[in-house]
Structures are given as structure tokens and as C-alpha cells.
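Chain residues, written in single-letter form:
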Amino acid sequence: MNTKIARSKTAIKQPKINVITLGCSKNIYDSEVLMGQLRGNNLNVVHESDKMGKNDIVVINTCGFIDNAKQESIDTILQFSELKEAGKIGKVVVTGCLSERYKPELESEITNVDAFFGTNDLQNILHELGANYKHELIGERLLTTPSHFAYFKIAEGCNRPCSFCAIPLMRGKHMSKPMEELVNEAKILAKNGTKELILIAQDLTYYGLDLYGVRKLDELMRRLSDVPGIEWIRLQYAYPSGFPMEILDAMNERDNICKYLDMPLQHITDNMLKSMRRGTTKQKTVDLVNQIRDKVPNIAMRTTLICGYPGETQYDFEEMAAWVAETKFDRLGCFTYSHEEKTHAHTLVDDVPEEIKQQRVDDIMEIQQGISFDINQEKVGKIFKVLVDKKEGDFFIGRTEFDSPEVDNEVLIDAATGYAANGSFVNVKIDRAEDFDLYGTIV
């Protein structure tokens, strides 16, 4: 009698690739592209999962911009390398700005990381993870944001000579993405439900110079504006020197281009701007802000400033504080100066004590808090188109066209008074306002 022997086959579970993203929106974009390629290779990829097995792989996309960001990146690498050491995960791979900038040091100090890669090593990372780069996936991404908005990187690197900035060391020279490729990417996003594109780069306003010999941001804005399904286009990180005024024409012409501009100005006194190598002066900066507001009267302007740059005197600070109070930016962020190796400013003496730097930041933000409160009070009783991002507790939380996610004001809608689906646009009447939040009801 023949006997069939049944052999049990234990399926080998595919390891999970867990991508951890640190730093700015440009890193978020890079992680999404990496994840899209991994998914296209039929690999099991997740973003920032807290559930991991002993065979799983962790990819850490690091930030190396300033001291606090570098420390967070190092702490995260150490955290996962210790989990690997304990046998709780399989591999640790590090990429991004920190490992671009400090690869030799990291390799010698943290020896149980499996591989370190820089900012332009996508194909090598994929190879390390058992995947192949697929050209047909250009424009495909695995979004980590809610599907209705996406960060949209139009260029890599930067050609500006700012003395305090290490980005060119980590990201290289400016490289614009071809316009056709960007339009195609926008169409893919729109088909998948994305309604808002947040244009990002180290310097948006330089777009096209390297590829086409002229600045082409205004043309790109119009081309993206024509993509069916894209209802908002938002500009982040415009540079003041050589600012292309024609982008404001596009903003005025197209309803789906937000009346919003993020332009980091960093400082205002002539001696600070000169030492920072910003290529502008106080008067040129004041004139530019006025020209932008004249051309687009209801524009919301966001800026960022640095306190405690080498040689910043109390007079420099007081002049900047007075300018902030007078200019009344809609949105403003302020940071303490970070003394970065291999930058031009690193040759200067970091002579402002940390507690003075922080006090100056606090003083600027107190001025801005009052400005923001006054501007928000003017919105009470008015109706705004709001994009709903999420529901939290008893409120639907959204934004007007004058606000970017994470960094700007939010509109809180009492869920008891009306319903709004995530990713939907609703008209909201503002009932009351605080420093950085608006409260309203759907009308």
C-alpha cells in the first residue's frame, strides 16, 4: 500500500521595511519616493510603525541641518541599533542629510548599522534592501500625509551662498526637475485624491534656471494649475534676492493658486544681511515685501528669522524686533543660530550666549503672537473656504488657503454643529479667534 507523506511547509514571512522620517518636508518627500519604489518591488513597507519583528528592517531618513535635529537623528539611530543588538529587529539602514554630511564619523562610531547612504543614493538604498529602481515608477509615491495634500518637491539642492546654511553641503547644487515630469506626478497625485500641492525646494524661485536658462516657476505654477482635481497650489521657501515678480501674476490669475508665500528673510539689519551673504539689504527687503503686498493685496506672507547670529548686537536685535512689529507678517517663525561646521559663518566667533539667543527668540515670538491675534480678530464674522485635515476630539480641524499644515493657524469646527469629511472643502464662518487658532461653524 502506497502511503503519501504530507510535508508541512512553513511560509517564510517577508520582512517588513519600516521607514522613519526625521526633519523637514523635503525628507518626507524623499521617504515617500523610496517607499513607492519599495512597494513597486512588492516589498512590505510601512512608515513609522511601532510594531516590528526580529527580521524587520528599519530605514532612518535623517536630518543634519542644525544641532537639535542632528541630536534627534543620532538618538534615533542609537535607539534602533540597540534594538538590533538585542535581536529585536534584523537590520538598520541610515540615509538622509546627517549621513551625507557625517558618514565617516557615523560609520566609525555606530558600527552595528548595516549601511549608511547619502541624500542622492536612492538606487543604492534599494539595492541594499533587495529592490531594483524602476523608471516606470517615476512620479509614484506612497504618501505619508493625508491623501488630500502632498508635499511636491520641484528641485533639489541650492546654489545660494548663505553663510549659516549647511544645505549645499548635504544636498549639493540646485537641480530643477523637468516640468513634464512634475506635471505627470501632479496628475498621478490628483487621480489618487490629492487636492493640494505644497511646492517645496531649498529655493523655489530658482526653478528652471539650470534646465531652461530662465526662471520658470510661473509657467510651472500655471501648468500645475491646469491639472484636473488640483484645487490648491501653495508656495514654500521662496528666496528674496532675484525674486521673480511674475509668479504673483500667476497667483492673481488662477483661483487654485493660494494667496500665500513663504519667504525666509532671516534678518533685517544691513550688517547682518551682509555677513549672512543674503545678497540683499534692509531697504530692498522692505521694498520687496511692499511690492508683493501691493500686487497681491490679500496675500498671507510667512517668514522665518534667526536670532543670535555671530556679531548680532542688541541694536541689531532691537532693529529687527521693531521691523517685525511694523511689518506685521501673517505668519512668522524664529530660531536660534546654530554654529555649523564647514559653513562660512563657522569661521566667525559664535559670540552670542545661548540664553541671550533664546531670549531674543522669545521676544520676537511674543511680538508675533500679538500680531497674529490682531490679524485673527479681523477674520471674526467672515466666511472662509476651509480644507478639512482631520477630526480630533470634538472638532474637525482644517486650514484656510492662508495656512500650511503643521506650521500655521488651524480652523477648529465644532463637530456638534456640522459634519465635514477629511479632505473636503467647506465654507466656515469664523465665530471667534485666538492667537493661532480660529473657531467657526460650517455654513
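Since this is a predicted model, take the numbers as computed values, not measurements. (Residues numbered from 1 in each chain as written. Predicted model: local features only at pLDDT ≥ 70, side-chain atom pairs only at ≥ 80, totals over all residues. Heavy atoms only, no water.)

Draft legend 1. View of the domain arrangement of the protein chain. Once the domains are mapped, the protein chain shows domain 1 (17-135), domain 2 (145-378) and domain 3 (380-442). Summarising the inter-unit geometry, the C-alpha centres of domain 1 and domain 2 are found 28 Å apart. Facing 18 residues of domain 1, the contacting portion of domain 2 comprises 21 residues. In total, about 1800 Å² of surface goes out of reach between domain 1 and domain 2, with carbon and sulfur atoms giving 51% of it. Considering only the side of domain 1, the residues that lose the most area to domain 2 are Lys 26, Tyr 29 and Arg 101, jointly responsible for 40% of the buried surface there. The interface formed by domain 1 and domain 2 contains 6 salt bridges. With a closest N to O distance of 2.9 Å, Lys 70 and Glu 340 form a salt bridge. The tally of links from domain 1 across to domain 2 stands at 12 residue pairs in polar contact (both at pLDDT 80 or more). Among the elements of the structure, α1 (25-40), α2 (67-85) and α3 (97-109) are those that each provide at least two residues to the side of domain 1 that touches domain 2. (Domains from an automatic or database assignment. Contact = heavy atoms within 4.5 Å. Buried area = accessible area lost by both parts, 1.4 Å probe. Salt bridge = Lys/Arg side-chain N within 4 Å of Asp/Glu carboxyl O. Polar contact = N/O pair within 3.5 Å; in protein donor to acceptor, adjacent residues only side chain to side chain. Helix = DSSP H or I, 4+ residues; strand = E, 2+ residues; numbered from the N terminus.)

Draft legend 2. Molecular detail of the pairing of strand β15 (residues 395-399). Taking burial as the measure, the 5 residues of β15 include 4 buried ones, the bulk of the element. Note: strand β14 (residues 383-392) against β15, 5 bridges, orientation antiparallel. By the bridge assignment, Leu 387 is partnered in β15 with Arg 399. Here β14 folds back onto β15, and the loop between the two strands holds 2 residues, one of which, Gly 393, carries a positive phi near 60°. (Buried < 20%, exposed > 50% of the residue type's maximum accessible area, 1.4 Å probe, protein only. Pairing = 2+ DSSP bridges.)

Draft legend 3. Quick peek at the pattern of salt bridges. This model, assessed by the stated rule, comprises 32 salt bridges. Across the pair Glu 32 and Arg 141 runs a salt bridge whose closest N-O atoms are separated by 2.4 Å. Separated by 109 residues along the polypeptide, Glu 32 in helix α1 and Arg 141 in the loop between α4 (122-128) and β6 (149-153) bring together distant segments of the chain. Judged by relative accessible area, Arg 141 falls into the buried class, the value being 12%. For the salt bridge of Lys 70 with Glu 341, the shortest nitrogen-to-oxygen distance reads 3.3 Å. Taken as a pair, Lys 70 in helix α2 and Glu 341 in the loop between β13 (331-336) and α13 (354-377) lie far apart in primary sequence, 271 residues in all. By relative accessible area, Lys 70 is classed as buried at 9%. The exposure class of Glu 341 is partly exposed, given its relative accessible area of 34%.

Draft legend 4. A look at the UniProt feature "binding site: [4Fe-4S] cluster 1" (unreviewed entry) in the protein chain. Mapped onto this structure's residue numbering, the UniProt feature "binding site: [4Fe-4S] cluster 1" (unreviewed entry) falls at Cys 24, Cys 63 and Cys 97. The greatest C-alpha distance among the annotated residues, which extend across 74 residues, is 10.6 Å, indicating that they converge on a single site. As for its position among the elements, Cys 24 is in the loop between β1 (16-21) and α1. Residue Cys 97 is classed as buried on the basis of its relative accessible area, which comes to 8%. Not counting the four nearest positions on each side in its chain, Cys 97 is found in contact with Asn 27, Thr 62, Cys 63, Gly 64, Thr 119, Met 170 and Arg 171. (UniProt positions renumbered as here; feature names shortened; annotations may be inferred.)

Draft legend 5. The nonpolar core, seen in detail. By size, the foremost hydrophobic cluster in this structure holds 54 residues, and its most contacted members are Ile 154, Leu 199 and Ile 364. By residue number, the principal contributor to this core is helix α6 (residues 179-191), which donates 6 residues. For Ile 364, the contacting residues outside a window of four places in its chain are Leu 305, Cys 307, Phe 317, Met 320, Ala 321, Val 324, Leu 332 and Cys 334. In terms of nonpolar packing, the next biggest core, distinct from the first, is built from 18 residues, Trp 232, Tyr 260, Ala 433 and Leu 438 among them. (Core = buried A, V, L, I, M, F, W, Y, C linked by side-chain atoms within 4.5 Å.)

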